Amino acid sequence: MLNLWVASLDDVGNPRALTRVTDRSLGPWVQWLHNNRHIVFFREQGGDENWQAHRVDVATGDILALTPAPGAMLHSPDLASFPR
């Protein structure tokens, strides 16, 4: 299973798990937030490809769902449609 792990550069041999999923791997999109304290990752349920965004606090390990419950569709914005 693909999970998130972090480690100090001084001690990369001693990583700490931020997620512990056992049913399905996390999605391929992982993003550090600008505050360097949170990471956003995505999950789906049972192969339905309805991705749900979650934020994990690197310091505490707390995970917060950022999007509605599984089953809600997540789409990337079409940047070409934004005014310049």
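The text that follows walks through the structure, step by step, so that each part is easy to find. (Residues numbered from 1 in each chain as written. Predicted model: local features only at pLDDT ≥ 70, side-chain atom pairs only at ≥ 80, totals over all residues. Heavy atoms only, no water.)

1. Let's talk about the pairing of strand 5 (residues 52-57)
We apply this condition: The classification of residues rests on relative accessible area computed with a 1.4 Å probe and restricted to protein chains. Under 20% of the type maximum is buried, over 50% is exposed, and intermediate values are partly exposed. Here a strand is any run of E in DSSP of at least two residues, a helix any run of H or I of at least four, and the numbering for each starts at the N terminus. Here, a strand pair is defined by DSSP locating no fewer than two bridges between the strands.
For strand 5, the tally of buried residues reaches 5 of 6 residues, placing the bulk of the element in the interior. Inspection of the sheet shows strand 4 (residues 38-43) paired to strand 5 by 6 bridges, in the antiparallel sense. Bridging across to strand 5, Arg43 finds its partner in Gln52. Here 3 bridges tie strand 5 to strand 6 (residues 63-65), and the two strands are oriented antiparallel to one another. Within strand 6, the residue paired with Val56 across the bridge is Ile63. From the end of strand 5 to the start of strand 6, which pair antiparallel, there are 5 residues, and Gly61 there has a positive phi angle of about 85°.

2. Describing the nonpolar core
It is characteristic of soluble globular proteins that their nonpolar side chains tend to be buried jointly. Counted only if it meets this: Residues grouped as a nonpolar core are buried Ala, Val, Leu, Ile, Met, Phe, Trp, Tyr and Cys residues, joined through side-chain atoms within 4.5 Å. Contacts: residue pairs with any heavy atoms within 4.5 Å of one another.
Judged by nonpolar contacts, Leu4, Val6, Leu18, Val21, Leu26, Ile39, Phe41, Val56 and Val58 together constitute the single largest core of 9 residues. Every residue in contact with Phe41, bar those within four places of it in the chain, is listed here: Leu4, Thr19, Leu26, Trp29, Gln52, Ala53, His54, Val56 and Ile63.

3. Overview of the sheet that holds strand 5
Using the following cut-off: To define axes, lines are fitted to C-alpha atoms, for helices over the stretch in contact only, and angles between the resulting N-to-C directions are given on a 0 to 180 degree scale.
Spatial ordering of the open sheet is given by 3-4-5-6, a layout of 4 strands whose pairing is antiparallel. Looking at strand neighbours, the two that pair on one side only are strand 3 (30-32) and strand 6, the edges of this open sheet. Direction aside, neighbouring strands of the sheet carry axes that sit 25° apart on average. Relative to strand 4, strand 3 runs antiparallel, the two being bridged by 3 bridges. Counted as the bridge partner of Val30 is Phe41 from strand 4.

4. Quick look at the packing of aromatic side chains
Quick note on the threshold: Any two of the Phe, Tyr and Trp rings considered here, Trp counted by its six-membered ring, make a pair once their centres fall within 6.5 Å; the pair's planes then place it as stacked at under 30 degrees, edge-to-face at over 60, or tilted in between.
Counted under the stated rule, the structure contains 2 aromatic pairs. Seen in terms of ring centroids, Trp29 and Phe42 are 5.9 Å apart; in terms of plane orientation they differ by 90°. Their pairing is edge-to-face. Placement of the pair is Trp29 in the loop between strand 2 (16-17) and strand 3 and Phe42 in strand 4, with a sequence separation of 13 residues. Taking 4.9 Å as the distance between ring centres and 90° as the angle between the ring planes, the aromatic pair formed by Trp29 and Trp51 counts as edge-to-face. Here Trp29, found in the loop between strand 2 and strand 3, pairs with Trp51, found in the loop between strand 4 and strand 5; they are 22 residues apart in sequence, far enough to count as distant. For Trp29, a relative accessible area of 43% translates into the label partly exposed. In textbook terms, an aromatic cluster arises when at least three aromatic residues are bridged by ring pairs, as seen for Trp29, Phe42 and Trp51.

5. Observations concerning the pairing of strand 4
With 6 of 6 residues buried, strand 4 is to be regarded as a mostly interior element. Because side chains alternate across strand 4, one face comprises the buried residues His38, Val40 and Phe42, and the other comprises Ile39, Phe41 and Arg43, equally buried.

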